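Results of the structural survey
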Amino acid sequence: MKKVNRLITILIFVFLYIPMLVLIVASFSSGKDITEFEGFTFMRYAEVFRDRSLLGLLGNSLLISILASSIATVFGTVASLGIYSLKPRMRKTVMSLTNIPMTNPDIVTGISLSLLFVFVGSKMLHQRNSLTFWTLLIAHVTFNLPYVILNVMPKLQQMDHSLVEAAMDLGCTPVKSFFRVTIHEIMPGIITGAIMAFTMSLDDFVISYFVTGLDFITLPVEIYNYTKKQMQPKIYAMFTMLFLLIFVLMVVMNLLQLRQDKRRKEAKQ
Amino acid sequence: MEFDGERILDGINLYFNDHEFLTLLGPSGCGKTTTLRIIGGFLTPTSGDVLFDGKRMNDVPPYERQVNTVFQRYALFPHLNVFENVAFGLRVAKLHKQEIQERVHEMLGIVGLKGYEHRRIDSLSGGQQQRVAIARALVNRPKVLLLDEPLAALDLRLRKDMQNELKRIQQTLGITFIYVTHDQEEALSMSDTVVVMDKGRIQQIGRPEDIYNEPKNAFVADFIGESNILDGVMLADYKVRFFGRTFKCLDAGFAPNEPVDVVIRPEDIDFVPPEEGHLVGTVTSVTFKGLNYDIIVDFRGFKWLIQTTDHQPEGATVGIRLNPEDIHVMHKSEYSGMFGDYSSYSAEYDELTEDADDEEE
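Residues numbered from 1 in each chain as written. Chains lettered and ligands numbered in written order. Predicted model: local features only at pLDDT ≥ 70, side-chain atom pairs only at ≥ 80, totals over all residues. Heavy atoms only, no water.

Residues and elements named next belong to chain B. Spatial ordering of the open sheet is given by E6-E7-E8-E3-E9-E10, a layout of six strands whose pairing is mixed. Where the open sheet ends on each side, the last strands, each with one partner, are strand E6 (67-70) and strand E10 (201-206). On average, each strand axis in the sheet is tilted by 20° relative to the strand beside it, whichever way the strands run. Both strand E3 (residues 21-25) and strand E8 (residues 176-181) contribute to a ladder of five bridges, which runs parallel. Of the residues in E8, the one forming a bridge with Phe-21 is Phe-177. Together, E3, strand E7 (144-148) and E8 form the strand contacts of helix H5 (residues 156-173), whose direction differs from that of E8 by roughly 160°. (Pairing = 2+ DSSP bridges. Helix = DSSP H or I, 4+ residues; strand = E, 2+ residues; numbered from the N terminus. Axes fitted to C-alpha atoms, helices over the stretch in contact; angles between N-to-C directions. Contact = heavy atoms within 4.5 Å.)

Next comes the structure, spelled out in structure tokens:
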């Protein structure tokens, strides 16, 4: 049984990671495609760093994900505090409401946001180009928020509430007690929430596709445009680097989680 | 005080004197922690006032009260070390660095934690964490220190040590301590004044000796120590009748022929040969307790607990004499008939040991 289990685990990993492996191999191929692997080369990576427009797009993507995840982290944390202070029944209702957008199909979210932006932009603000960098940013903050709340809420619930009372007892106003005590307690949740939001933002294509204008295009959207033409091998190199970035972030996130669990276990003993 | 429409505290009227060690004592759910939280400012009473030195405090938030609290589970800040935990209140008050240093070191000295300044909180034992919590509260020089069952999480021996320690600290600093506990022994040994509470009401306020010797009703008599509580009739001043006999007692001021509760502490009862006894009964069970025997004696179907160093075999016929000072008479109350009968003796002891286990967790 144990052997079977182990075999299945290995198989799952193979299935999960083979596509990435193919991509990575392709990125090192000197041939045009993975189908014609001719030799090993770093050339594709060099091409990426020489391609101004591609780097610009990557810059756009990073800009939007960093901005959106930062804003979402601040708002999401404040929102979690608000939800936490609700009565338990209300809290449950609000939590399910904030969770729904995560399961909502991206295409629905994207189109509805797009409709909203066009409506507000053209009918209410009388703009000719209602889809801009700002609509993209708002959209990203919107779909990032639930991930932050989802990560911060459990930390708030795990926290010993008497810590806040102790801080107030020692002279902190509610705001001060948040910055001096609560934030330290929920920091792991804030960090994982921020990382998750960042990765969601970085690789989002569907929603971005509907809400971005012509003046500001993110990498995934532009890559989609590339696929209509012939795929350039340097894209593979770029993907590999993106994959590694997110992979590293996820590893960091999990290590943080692990360290915290360990600390909690030690504290309990 | 009402809570979700349920009345938790009712007619609490308490005065706290300066430099006093006052204990709120009662079973869980009696409202003692609620009272403490109202004083600390974490709850606002639905009716009634909280006054400090004559000033109304109802709407003053906890961070503006000259009161500090030692929380039940200490509530130490895990992200700060011992020094920073103790310094927390002083840093919030933006005191001068030099003064913070001095006061924290002085306080760590008082609670016996010199040299622990840089330790992490989770590397400390329960007793040490307790001391940090006390130091963190006291370093702010509050007028009143509130302690919410601070020793409940410690094991028995540590609890005894900390009881002495707390009393010593209170006497050294001369700060008013308001202490919440459900442990009657703790309350009696530490306090200047004990407030016995049950069902959100104060049952009795008094010095520990008075509470023990002159309980006001069956609840207090039973909660503080062991008591045999019997139905009686007060015939006249200094004369009480129960078990078909008239006894002299030291109590007066009751209405003629008023039905009363009579308390007889198990350790006040002496055995005599049956022919000399006021009452004669049969021993039904004997338990060796170390210091004494717990002997259950059946007097006409009502079982008494008697604590004595004289061994009596089970089944023996024994007599007892009651001196006037052994008898304490109380007015009837809602608790009459609920306590003080040892017919279900063993069950009651099981309950007690269960309680003891809970405390040590």
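From this point on, the discussion continues.
All right, on to the side chain of Asp-261 of chain B then. All names here are of chain B. Examined against the element boundaries, Asp-261 turns out to sit in strand E14 (residues 258-264). We classify Asp-261 as buried; its relative accessible area is 1%. Separated by 3.0 Å, the side chains of Asp-261 and Lys-332 make a polar contact. (Buried < 20%, exposed > 50% of the residue type's maximum accessible area, 1.4 Å probe, protein only. Polar contact = N/O pair within 3.5 Å; in protein donor to acceptor, adjacent residues only side chain to side chain.)

Residue and element names in this part refer to chain B. Read from one edge to the other, the open sheet built from five strands follows the order E15-E19-E16-E17-E18, with strand pairing classed as antiparallel. Two strands close off the open sheet at either side, each with one partner strand: strand E15 (270-272) and strand E18 (302-308). The sheet shows a mean angle of 50° between the axes of neighbouring strands, direction not considered. With six bridges joining them, strand E16 (residues 279-288) and strand E17 (residues 293-299) adopt antiparallel strand pairing. Across the sheet, residue Phe-288 finds its bridge partner in E17, namely Tyr-293.

Helical geometry note: an α-helix holds 3.6 residues per turn, so side chains three or four residues apart project in the same direction. Residues and elements named next belong to chain B. Spanning 18 residues, H5 covers 26 Å between terminal C-alpha atoms, matching the ideal 26 Å at 1.5 Å per step. Buried residues of H5: Arg-159, Met-162, Gln-163, Glu-165, Leu-166, Lys-167, Ile-169 and Gln-170, and no others. In the segment just after H5, Gly-174 is the residue with positive phi, at about 65°. (Expected span 1.5 Å × (residues − 1).)

Enumeration according to the criterion identifies 26 aromatic pairs over all chains in this entry. Between Phe-219 of chain B and Phe-223 of chain B, the aromatic rings sit 5.5 Å apart at their centres with planes inclined by 10°, giving stacked as the arrangement. Of the two residues, Phe-219 of chain B and Phe-223 of chain B both sit in helix H8 (residues 218-223), four residues apart, roughly one turn of that helix. No difference in accessibility class separates Phe-219 of chain B from Phe-223 of chain B, as the two residues are buried. The interplanar angle of 90° and the centroid separation of 5.8 Å between the aromatic rings of Phe-243 of chain B and Trp-304 of chain B together place this pair among those described as edge-to-face. Of the two residues, Phe-243 of chain B sits in the loop between strand E12 (239-242) and strand E13 (245-248) while Trp-304 of chain B sits in strand E18, which places them 61 residues apart along the sequence. Considered together, Phe-243 of chain B and Trp-304 of chain B belong to a single accessibility category, that of buried residues. In this structure an aromatic cluster arises from ring pairing among Phe-242, Phe-243, Phe-247, Phe-299, Phe-302 and Trp-304 of chain B. A cation over a ring is seen here: Arg-180 of chain A above Phe-88 of chain B, with NZ or CZ 5.9 Å from the ring centre. Here the guanidinium or amino end of Arg-245 of chain B rests over the ring plane of Phe-247 of chain B, the centre of that ring lying 6.0 Å away. (Phe/Tyr/Trp six-rings, centres within 6.5 Å; stacked < 30°, edge-to-face > 60°. Lys NZ or Arg CZ within 6 Å of the ring centre and 35° of its normal.)

What follows covers the nonpolar core. By size, the foremost hydrophobic cluster in this structure holds 36 residues, and its most contacted members are Val-104, Val-132, Ile-134, Leu-138, Leu-145, Leu-166 and Phe-177 of chain B. Examining the composition of this core, we find that six residues originate from one element, helix H4 (residues 126-138) of chain B, more than from any other. With residues near it in sequence (within four places) discarded, Leu-145 of chain B still touches Asn-68, Thr-69, Val-70, Ala-137, Leu-138, Ile-175, Thr-176, Phe-177 and Ile-178 of chain B. In terms of nonpolar packing, the next biggest core, distinct from the first, is built from 28 residues, Ile-64, Met-95, Ile-149 and Phe-178 of chain A among them. (Core = buried A, V, L, I, M, F, W, Y, C linked by side-chain atoms within 4.5 Å.)

Our next topic: the interface of chain A and chain B. At the interface, 20 residues of chain A touch 22 residues of chain B. Here chain A and chain B share an interface that buries about 1,900 Å² over both sides, 61% of which is from carbon and sulfur atoms. Together, Glu-165, Asp-169 and Leu-170 of chain A form the three largest contributors to the area buried by chain A at its contact with chain B, with a combined 35%. Where chain A touches chain B, the interface holds one salt bridge. For Glu-165 of chain A, the salt bridge identified is with Arg-37 of chain B, shortest N-O distance 2.8 Å. At the boundary of chain A with chain B, the tally comes to five residue pairs in polar contact (both at pLDDT 80 or more). Elements with a minimum of two residues in the side of chain A that touches chain B: helix H7 (162-169), helix H8 (174-202) and helix H11 (233-268) of chain A. Looking at the side of chain A that touches chain B residue by residue, the classes come out as nine nonpolar, four polar and seven charged. (Buried area = accessible area lost by both parts, 1.4 Å probe. Salt bridge = Lys/Arg side-chain N within 4 Å of Asp/Glu carboxyl O. Nonpolar A, V, L, I, M, F, W, Y, C, P; charged D, E, K, R; others polar.)

By themselves these figures say nothing about function.
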